[in-house]
Amino acid sequence: MTQRTLVLVKPDGVQRGLTGQILARIEAKGYTLAQLELVTATREILERHYEEHQGKPFFEPLVEFMLSGPVVAAVVEGDRVIEGFRSLAGATEPTTAAPGTIRGDLGRDWGEKVQKNLVHGSDSPESAEREIGIWFS
Ligand code: RTP
Ligand code: MG
């Protein structure tokens with residue numbers, strides 16, 4: 001079934017000049033970039049985007065990290081793209097994410113409180129529609 005998902009190239013990915021490689025992997029997999037924008041996030045956007053994590057110990061460091069530089073926001077389309085992009089991204093922790101994934105190939109630990117793990121991808125159809133509405137309104 002054709003789906004849409006929200007992908008973010010997080011500030012570490014943009015700062016390290018990996019945006020092109022990350023988008024190329026999405027396109028090489030066969031997904032379509034439906035919308036694409038370089039955005040400077042605001043605290044308000046991030047508090048909405050990460051509302052499920054409010055109150056967790058990593059929430060504030062996560063918001064600070066996401067405010068540390070521009071992000072690339074994309075709406076990506078394709079059959080089962082929500083699951084497919086999360087598979088391309090790999091596990092949350094880049095040190096142990098499988099080689100062959102974005103996080104496993106391009107990420108590592110940097111001794112920070114928050115996992116700088118290059119990308120975000122929506123985790124369900126409901127999250128995808130909610131998050132697309134936050135970043136592309
Ligand atoms: P995402 O939402 O960004 O696609 O990543 P995810 O599902 O793999 O991870 P999630 O559990 O939703 O956490 C959101 C983001 O918070 C940061 N995080 N840091 N203990 C930590 O250091 C920690 N735990 C989570 C990561 O940037 C993670 O992607
Ligand atoms: Mg998540």
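Refer to the preceding data block for the structure.
Residues numbered from 1 in each chain as written. Chains lettered and ligands numbered in written order. Predicted model: local features only at pLDDT ≥ 70, side-chain atom pairs only at ≥ 80, totals over all residues. Heavy atoms only, no water.

**Student:** What am I meant to see in the nonpolar core here?
**Tutor:** Buried together is how nonpolar side chains tend to be arranged in soluble globular proteins. One finds Leu46, Met66 and Trp135 to be the most contacted residues of the largest nonpolar core, which totals 20 residues. If you list the elements that add at least two residues to this core, you get β1 (2-9), α3 (43-49), α4 (59-66), β3 (71-79) and α7 (125-135). Setting aside residues up to four positions removed in sequence, Met66 forms contacts with Leu8, Lys10, Pro11, Ala41, Leu46, Tyr50 and Val71. Listed in part, the 18 residues of the second largest apolar core include Val9, Ile26, Val81 and Leu106. (Core = buried A, V, L, I, M, F, W, Y, C linked by side-chain atoms within 4.5 Å. Buried < 20%, exposed > 50% of the residue type's maximum accessible area, 1.4 Å probe, protein only. Helix = DSSP H or I, 4+ residues; strand = E, 2+ residues; numbered from the N terminus. Contact = heavy atoms within 4.5 Å.)

**Student:** I tried to follow the sheet that holds strand β2 (residues 32-39) on my own but got confused; where do I start?
**Tutor:** Paired through their backbone hydrogen bonds, the strands of a sheet run either parallel or antiparallel. The antiparallel open sheet is built from four strands, whose spatial order is β2-β3-β1-β4. Of all strands in the sheet, those bounded by a partner on one side alone are β2 and β4 (119-121). Pairs of neighbouring strands in the sheet enclose a mean axial angle of 20 degrees, with direction left out of account. Across eight bridges, β1 lies against β3 in antiparallel orientation. Across the sheet, the residue bridging to Val7 is Ala74, located in β3. (Pairing = 2+ DSSP bridges. Axes fitted to C-alpha atoms, helices over the stretch in contact; angles between N-to-C directions.)

**Student:** Is there a simple way to explain the pattern of salt bridges in this structure?
**Tutor:** As a working rule, side chains carrying opposite charge can pair if their charged atoms are close by. On inspection of all chains with the given rule, the structure shows nine salt bridges. Close ionic contact of Arg25 with Asp105 constitutes a salt bridge, the shortest N to O distance being 3.0 Å. With a gap of 80 residues between them, Arg25 in helix α2 (residues 19-29) and Asp105 in helix α6 (residues 102-106) connect regions that are remote in the sequence. Arg130 is paired through a salt bridge with Glu51; the nearest N and O atoms lie 3.5 Å apart. Here Arg130 is found in helix α7, whereas its partner Glu51 is found in the loop between α3 and α4, with 79 residues between them in sequence. Through salt bridges with shared partners, a single network forms among Arg43, Glu47, Glu60 and Glu64. (Salt bridge = Lys/Arg side-chain N within 4 Å of Asp/Glu carboxyl O.)

**Student:** Please clarify how the environment of Pro61 should be interpreted in this entry.
**Tutor:** One can find Pro61 in helix α4. Sequence separation of Pro61 and Gln115 is 54 residues, and the distance between their C-alpha atoms is 9.5 Å. Setting aside residues no more than four positions away along its own chain, Pro61 makes contact with Lys113 and Val114.

**Student:** It is not clear to me how the environment of Pro57 should be interpreted in this structure. Could you clarify?
**Tutor:** With respect to the helices, strands and loops of the structure, Pro57 is situated in the loop between α3 and α4. Placed 47 residues apart in sequence, Pro57 and Lys10 show a C-alpha to C-alpha distance of 19 Å.

**Student:** What is the right way to look at the side chain of His120 in this model?
**Tutor:** Structurally, His120 is set in strand β4. Owing to a relative accessible area of 12%, His120 belongs among the buried residues under this scheme. Reaching out from His120, the side chain makes a polar contact with the side chain of Glu131 at a distance of 2.9 Å. Setting aside its immediate chain neighbours within four residues, His120 contacts Leu6, Val7, Leu8, Lys10, His49, Phe85 and Glu131. (Polar contact = N/O pair within 3.5 Å; in protein donor to acceptor, adjacent residues only side chain to side chain.)

Scope: geometric values only; no functional claims are made or implied.
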